[in-house]
Amino acid sequence: TLSGKTALVTGSTSGIGLGIARTLAAEGAHVLLNGFGDAAEIAQLQVDLAKEFGVQVAYHNADMSKPAEIESMIAFAGDKFGGIDVLVNNAGIQHVANVEDFPVEKWDAIIAINLTSAFHTSRLVLPRMRANNWGRIINLASTHGLVASAGKSAYVAAKHGLIGLTKAAALETATTGVTVNAICPGFVLTPLVQKQVDARAAKDSISNEDAKKALLADKQPSGEFVTPEELGALAVFLCSDAAKQVRGVAWNMDGGWVAQ
Ligand code: NAD
């Protein structure tokens, strides 16, 4: 149980981040949500989560590509909750194009949001975690942190980098009660992947359902999507005492993707 602990999940207004935030709240953690979206919907989400799980739920709109906004968010967490005990670096974006066609500003944004933001949040929460001799940092990498796909150079580079950051930070904290690990999902049907389904449907003139099957058939041997709830359960395990010697891993949950 995580009761009395506070979790920050970046990019938790949608998809995997929201799933993990819900799972951590279900374990009793207070939650600091972050991400973009409709203000009224986010306010409602806060109310619903707090009511369903009996925890405190706050929200900060920091843009994870902006270090000063990340600093404001961690300061806000300090004022509101006394600080962060569980950090889930989840915010991320995707763009698909070959290297020679890759928009330079998209490259910069993907590196900033998918990689550098995790450095900033980690450097800002680690002093408190070390002082408490307890903390969990969970970085949402990807199968693309372990292997590549054509057209995803920035994403693959950022996710490989995120696993590198995970390993280095895990070694730095190895003799403490702070652990740092990465989770590597295969395809999860979130808005980020639905865009790729739409692109596949348009390119091959096939239905939404057939495009989903085609995307999975290319990469994911199970033929099924991973779910945010399954990833949340893995995050809860990584937060548990039983996982205190799990350090610096890049744990794939991917329907067999990287076993091939
Ligand atoms: P999503 O698009 O559903 O959610 C992304 C979240 O990040 C949203 O809450 C969005 O508002 C937020 N976000 C985007 N840019 C931001 C910014 N600049 N500042 C703050 N928040 C920002 O995507 P998802 O599929 O849930 O992806 C979540 C994470 O999981 C990403 O890091 C992604 O790379 C990773 N991942 C996804 C899959 C998949 O198949 N969906 C697979 C492996 C890894």
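Attention here is on the structure that accompanies the text. Keep in mind that what you see is a predicted model, and the values were worked out from it rather than measured.

## Section: the overall build of the chain
Each helix and strand in the chain was counted, giving eight helices and seven strands. For 260 residues, the compact-globule estimate of 2.2 N^0.38 gives 18 Å, and the chain sits close to it at 18 Å. On the principal axes, the C-alpha backbone points of the chain span a range of 55 × 40 × 35 Å. Going through the 260 residues of the chain one by one, you find that 50% of them count as buried.

## A word on the layout of surface pockets
The volume enclosed by the largest pocket comes to roughly 1,300 Å³. Around the largest pocket, the lining is made up of 48 residues, and of these Ile93, Gln94, Leu192, Val193 and Gln196 lie nearest the centre. For the lining of the largest pocket, the secondary-structure elements that each account for two or more residues are helix H1 (15-26), helix H4 (104-132), helix H5 (153-172), helix H6 (191-204) and helix H7 (208-219). In terms of residue class, the lining of the largest pocket is built from 21 nonpolar, 18 polar and nine charged.

## Thoughts on empty space enclosed by the protein
Applying the stated criterion across every chain yields a total of one cavity of 30 Å³ or more. Within this model, the largest cavity holds a volume of roughly 40 Å³. Forming the boundary of the largest cavity are Thr10, Asn89, Asn90, Ala91, Ile113, Asn114, Ser117, Ala118, Leu140, Lys159 and Leu162. Sorting the residues of the lining of the largest cavity by element identifies H4 and H5 as the ones contributing at least two each. Top contributing element to the lining of the largest cavity by residue count: H4, with four residues. A breakdown of the residues in the lining of the largest cavity according to their chemical character gives five nonpolar, five polar and one charged.

## A look at helix H8 (residues 228-239)
Look at H8: 16 Å from first C-alpha to last across 12 residues, which is about the 16 Å you get at 1.5 Å a residue. When we look at burial in H8, the residues that qualify are Pro228, Leu231, Gly232, Leu234, Ala235, Val236, Leu238 and Cys239. Looking at the buried residues of H8, the elements they touch are H1, strand E4 (86-89), strand E5 (135-140), strand E6 (178-185) and strand E7 (250-253).

## Looking at helix H3 (residues 67-81)
An ideal rise of 1.5 Å per residue puts 21 Å on 15 residues; H3 measures up with 21 Å between its terminal C-alpha atoms. Taken together, the buried positions of H3 are Ile70, Met73, Ile74, Ala77 and Phe81. Relative to the axis of H3, the buried residues are bounded by an arc of 95 degrees and lie together on one face. For H3, the exposed residues set more than 90 degrees away from the buried face come down to Ala68 and Asp79. Here the buried face of H3 lies against strand E1 (6-9), strand E2 (30-34), strand E3 (57-60) and H4. At the exit of H3 stands Gly82, carrying a positive phi of roughly 85 degrees.

## Considerations on the site of the ligand
Around the ligand, the structure places 30 residues, and the nearest of them are Ser14, Asn90, Tyr155, Val188 and Thr190. Asp63 is positioned with one of its side-chain polar atoms (N or O) 2.9 Å from a nitrogen atom of the ligand. Thr190 has a polar side-chain atom sitting 2.4 Å from an oxygen atom of the ligand. In isolation the ligand offers 830 Å² of accessible surface; the protein chains occlude 93% of this area. Because more than half of its atoms lie within 2 Å of the grid, the ligand is assigned to the largest pocket. Taken together, the elements giving at least two residues each to the shell around the ligand come down to H1, H5 and H6.

## Observations regarding the packing of aromatic side chains
What the rule picks out here adds up to three aromatic pairs. Ring geometry for Phe102 versus Trp107: centroids 6.5 Å apart, planes at 85 degrees, classification edge-to-face. Among the residues examined, Phe102 registers a relative accessible area of 10% and is labelled buried. Judged by its relative accessible area of 34%, Trp107 is partly exposed. A cation sits over an aromatic face here: Lys5 above Trp134, 4.5 Å from the ring centre.

Conventions and cut-offs
Residues numbered from 1 in each chain as written. Predicted model: local features only at pLDDT ≥ 70, side-chain atom pairs only at ≥ 80, totals over all residues. Heavy atoms only, no water. Helix = DSSP H or I, 4+ residues; strand = E, 2+ residues; numbered from the N terminus. Rg over C-alpha atoms; globule rule 2.2 N^0.38 Å. Buried < 20%, exposed > 50% of the residue type's maximum accessible area, 1.4 Å probe, protein only. 1 Å grid on protein atoms, 1.4 Å probe; cavity = no way out; pocket = protein on both sides within 12 Å on 5 of 7 lines; lining within 4 Å. Points joined across faces, edges and corners; volume = space filled by probe spheres on them. Nonpolar A, V, L, I, M, F, W, Y, C, P; charged D, E, K, R; others polar. Expected span 1.5 Å × (residues − 1). Contact = heavy atoms within 4.5 Å. Arc of directions from axis to C-beta. Near = heavy atom within 4 Å. Polar contact = N/O pair within 3.5 Å; in protein donor to acceptor, adjacent residues only side chain to side chain. Areas by Shrake-Rupley, 256 points an atom, 1.4 Å probe, with all protein chains shown as cover. Sits in = over half its atoms within 2 Å of the grid points. Phe/Tyr/Trp six-rings, centres within 6.5 Å; stacked < 30°, edge-to-face > 60°. Lys NZ or Arg CZ within 6 Å of the ring centre and 35° of its normal.

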